[in-house]
Amino acid sequence: MPPIVCSAQASYKKLPGLLELTDSHLQWTKAGEKAPAVKVPTTEAASLSRSKAGAPQVRLKIGLLSDEAGHNFTFTSPQAVALAERDKFEAELTNIIARNRSGAPQIPAPTKPLQAATPTPTTPAHGSGVGTPMRPPPALSRPSTSRAVSVASDSRASGTPVGSDPTSDFRLRKKVLLSTPELAQLHRELVMAGHITENEFWEGREHLLLAQAAAETQKRGKPGQLVDPRPQSVDGEIKIVITPQLVHDIFEEFPIVARAYNDNVPGKLSEAEFWSRYFQSKLFNAHRASIRSSAAQHVVKDDPIFDKYLEKDDDELEPRKLREERVDTFIDLGATYVDHEETGNEKDVTMQAGKQRAVLPLIRKFNEHSTRLLDTALGGPAAKRRRTDSGESEHYAQIDLEDLHDNQSSSGIVLNMQDRQRYFDGRANGTSNGDDGAGRVDFQEALQQSKASTQGWSANLTQLKIERKAGDAALVSMTQNVASRLDVRLRKHEIPEGLFRQMTTCQTAANEFLRQFWLTIYPPANESQTLSVATPAQKAAKAAKMIGYLSKTHEKVEALVGVAHQEGIDPARVQVAMKPILDAVNKALDFWRLKNSKAPGAR
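Definitions and limits used
- Residues numbered from 1 in each chain as written.
- Predicted model: local features only at pLDDT ≥ 70, side-chain atom pairs only at ≥ 80, totals over all residues.
- Heavy atoms only, no water.
- UniProt positions renumbered as here; feature names shortened; annotations may be inferred.
- Helix = DSSP H or I, 4+ residues; strand = E, 2+ residues; numbered from the N terminus.
- Buried < 20%, exposed > 50% of the residue type's maximum accessible area, 1.4 Å probe, protein only.
- Areas by Shrake-Rupley, 256 points an atom, 1.4 Å probe, with all protein chains shown as cover.
- Pairing = 2+ DSSP bridges.
- Axes fitted to C-alpha atoms, helices over the stretch in contact; angles between N-to-C directions.
- Salt bridge = Lys/Arg side-chain N within 4 Å of Asp/Glu carboxyl O.
- Contact = heavy atoms within 4.5 Å.
- Parallel < 35°, antiparallel > 145°, perpendicular 65-115°, else oblique.
- Left-handed = near helix turned anticlockwise from the far one by under 90°.
- Nonpolar A, V, L, I, M, F, W, Y, C, P; charged D, E, K, R; others polar.
- Arc of directions from axis to C-beta.
- Polar contact = N/O pair within 3.5 Å; in protein donor to acceptor, adjacent residues only side chain to side chain.
- Core = buried A, V, L, I, M, F, W, Y, C linked by side-chain atoms within 4.5 Å.
- Domains from an automatic or database assignment.

- An unreviewed UniProt entry lists the protein under the name BSD domain-containing protein, from Lentinus tigrinus ALCF2SS1-6.
- Under the Sequence similarities (unreviewed entry) heading, UniProt states for the protein: "Belongs to the TFB1 family."
- What UniProt records for the protein under Subcellular location (unreviewed entry) is the sentence "Nucleus".

Okay, here's the thing in structure tokens:
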């Protein structure tokens, strides 16, 4: 038997068992059995994905060359232990997948993994918490036709496993481009044309990929609508259509109906008879989400089977089902109710419960439904969630919001100063010469001067006259500004479509080159999400390359002005439209010339 690299308690398809990784296989054995139910050769491993941080269940999914769906394992140990075990498996499997990819041409024919005594497969719920699958790059199966350097080669060169984060997932990049036509057009003009590489294009746009990955892994919540079947017209007859999903919702919303079903089907009633009599019974009308349902019960015939499951209306002052968990201290409106009884206000008539007893059952039905929705979204009843919390830790957890945490660390932007030594020398000389007392202030004298200046202030205030010229000039200026903007908006767009498209392309390309240039000069806002870390030499080469592209912007604008003149359009309109981008280009060119004009070591 090969030695075991790591092992952990894990469930597979909701069945407990033991997950083991050896030098040759990844296997899972059901609890109480000796033979492994799942046994996969490590040469079959192709991709990995994991549940997102903070998910209630610690999961790890492995994709196979022969089966892209792969296998999904849930670590069942306590949270801290499960996370450590999952990280150990992930580290080992990441190395195995990297070795498989490096030897992709020599991979043997895929073999079907052994699945002896595999439990009946069940369809997993959408958004079960497993992250986006990390697929192998297409470069492993077929050569890239793009003239730009592939991301896969960049990732392998930097030592980062391809697919270890969403920013290197080609599938996510494709989805972002398909959902953003403008970005796709820019990608075709710059990356497909070979001006910049794929990695350079996505550098600084990692937030788009992360947002797409987060949207795909979001768990769809339970519908908020209360279960209330409505009659429909089918073939000219009024019927209630029964679907498996409707049956599931009724049983979940009204457990008493599930109990009646288990007691009477199929012994006393068939399934069709059960639902036919249920929708004509008082029990169904009691479950209707309307106050009129109580009136309908008086005209519905008695049913000896379903009438046994009727409950008394919950219209007392105290609800029949009391809350099991206490209300959070920070949102409990009654937390300070008894603090100031002697000065408090008496409840208004509209705040006294039970004035309209007929609406109490309906209100409590809505409250119970809302509670079930929240419990489903939060992973169970609040009483169970707080079973391990106590005291100050629980109170602190209520105000410890994840959105307020700063998980990003940045070293900041290094300030480059000219003649730095002269700056500090000047400050030092100024400090040494300031001991002669010339800059000292006599506070008593300053106070007397301030008092003297405020004498007779009321008389001076009555003599104050405000000139209207400044206010009138400001009002006229604002009026002219608004009129000119309105005139521009109402003016007909006379630039031909072809010329306008060329202007847009020129401006978009120049903006991208400017973005790439300044990314090499200043660090990004979030260094932890960059695709790769370039060396100073690589940054300098990239900056010089972008400056070469930017230096041709003026020629392109002059060509556009010439095209406008040929088509009978005022060239000044093109010059005004392109002036902001030209100013930004000039700023970058001046910065680059000034930087290169410095002598080595002058910073």
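## A short note on the overall build of the protein
Part 1 of the reasoning: Along its length, the protein carries 22 helices and 9 strands.
Part 2 of the reasoning: Across the 603 residues that make up the protein, the buried fraction comes to 29%.
Part 3 of the reasoning: About 40,700 Å² of surface is accessible on the protein, with carbon and sulfur atoms providing 55% of the total.

## Brief notes about the sheet that holds strand 6 (residues 58-64)
Part 1 of the reasoning: With respect to topology, 7 strands assemble into an open sheet ordered 4-3-2-1-7-6-5, the strand pairing being antiparallel. Looking at which strands have only one partner, the edges of the open sheet turn out to be strand 4 (38-41) and strand 5 (45-50). Here the average twist between neighbouring strands, direction ignored, is 30 degrees.
Part 2 of the reasoning: Of the pairings in the sheet, the one linking strand 6 to strand 7 (residues 71-75) comprises 5 bridges and is antiparallel in character. Following the sheet pairing, Ile62 is matched in strand 7 by His71.

## Some details on the pattern of salt bridges
Part 1 of the reasoning: Summed over all chains, the structure comprises 15 salt bridges.
Part 2 of the reasoning: Arg173 is the partner of Glu198 in a salt bridge, and the nearest nitrogen-oxygen pair spans 3.9 Å. Here Glu198, found in helix 5 (residues 198-202), pairs with Arg173, found in helix 3 (residues 170-179); they are 25 residues apart in sequence, far enough to count as distant.
Part 3 of the reasoning: Assessed through its relative accessible area of 2%, Arg173 is described here as buried.
Part 4 of the reasoning: Each of Arg50, Arg86, Asp87 and Glu90 takes part in one network of salt bridges that share partners.

## Here we look at the environment of Arg277
Part 1 of the reasoning: As for its position among the elements, Arg277 is in helix 9 (residues 271-278).
Part 2 of the reasoning: Judged by relative accessible area, which is 27%, Arg277 ranks as partly exposed.
Part 3 of the reasoning: Residues Arg277 and Phe306 lie 29 residues apart in sequence; the distance between their C-alpha atoms is 8.2 Å.
Part 4 of the reasoning: With sequence-adjacent residues up to four places away left out, Arg277 is seen in contact with Leu269, Asp303, Pro304, Ile305 and Phe306.

## Observations regarding the packing of helix 8 (residues 255-264) against helix 9
Part 1 of the reasoning: The geometry of helix 8 relative to helix 9 is characterised by a closest axis approach of 11 Å and an angle of 140 degrees between their N-to-C directions. With respect to helix 9, the element helix 8 is oriented oblique. Between helix 8 and helix 9 lies a crossing whose hand is right-handed. Residue-level contacts link Val257, Ala260 and Tyr261 of helix 8 to Glu271, Phe274, Trp275 and Tyr278 of helix 9.
Part 2 of the reasoning: Among the residues forming the contact of helix 8 with helix 9, the class breakdown is 6 nonpolar, no polar and 1 charged.

## Looking at the packing of helix 20 (residues 536-550) against helix 22 (residues 571-597)
When two helices pack together, you describe them by how their axes are tilted relative to each other and by the distance separating the axes.
Part 1 of the reasoning: Helix 22 packs onto helix 20 with a crossing angle of 135 degrees between their chain directions and a minimal axis gap of 11 Å. When the axes of helix 20 and helix 22 are compared, the pair comes out oblique. Two packed elements cross with a definite hand, and for helix 20 against helix 22 that hand is left-handed. On the side of helix 20, the interface is formed by Ala540, Ala543, Ala544, Ile547 and Leu550, while helix 22 contributes Val585, Ala588, Leu589 and Trp592.
Part 2 of the reasoning: When the residues that make up the contact of helix 20 with helix 22 are grouped by side-chain class, the tally is 9 nonpolar, no polar and no charged.

## Some thoughts on helix 9
Part 1 of the reasoning: Those residues of helix 9 lying buried are Phe274, Trp275 and Tyr278. When helix 9 is viewed along its axis, its buried side chains cluster within an angular range of 90 degrees and face the same direction.
Part 2 of the reasoning: Residues of helix 9 that are buried in the fold lie against helix 7 (244-253), helix 8 and helix 10 (282-286).

## Some remarks on the side chain of Glu90
Part 1 of the reasoning: Along the chain, Glu90 turns up in helix 1 (residues 79-102).
Part 2 of the reasoning: Looking at Glu90, its side chain comes within polar contact range of the side chain of Arg50, at 2.9 Å.
Part 3 of the reasoning: Not counting residues within four places of it along the chain, the set of residues in contact with Glu90 comprises Leu48, Arg50 and Leu60.

## Examining the nonpolar core
Buried together is how nonpolar side chains tend to be arranged in soluble globular proteins.
Part 1 of the reasoning: Of all hydrophobic cores here, the largest spans 41 residues; its most connected members are Phe201, Phe513, Phe517, Leu550 and Val574.
Part 2 of the reasoning: At the level of elements, helix 3, helix 4 (181-190), helix 5, helix 6 (206-217), helix 19 (497-521), helix 20, helix 21 (553-566) and helix 22 are the ones that each hand at least two residues to this core.
Part 3 of the reasoning: Examining the composition of this core, we find that 9 residues originate from one element, helix 19, more than from any other.
Part 4 of the reasoning: A domain split of this core shows at least three residues from each of domain 2 (165-217) and domain 4 (497-598).
Part 5 of the reasoning: In contact with Phe517, other than residues within four places in its own chain, are Ala543, Met546, Ile547, Leu550, Ala588, Phe591 and Trp592.
Part 6 of the reasoning: Leu19, Ile62, Ile96 and Ile97 belong to the second largest nonpolar core, which has 24 residues in total.

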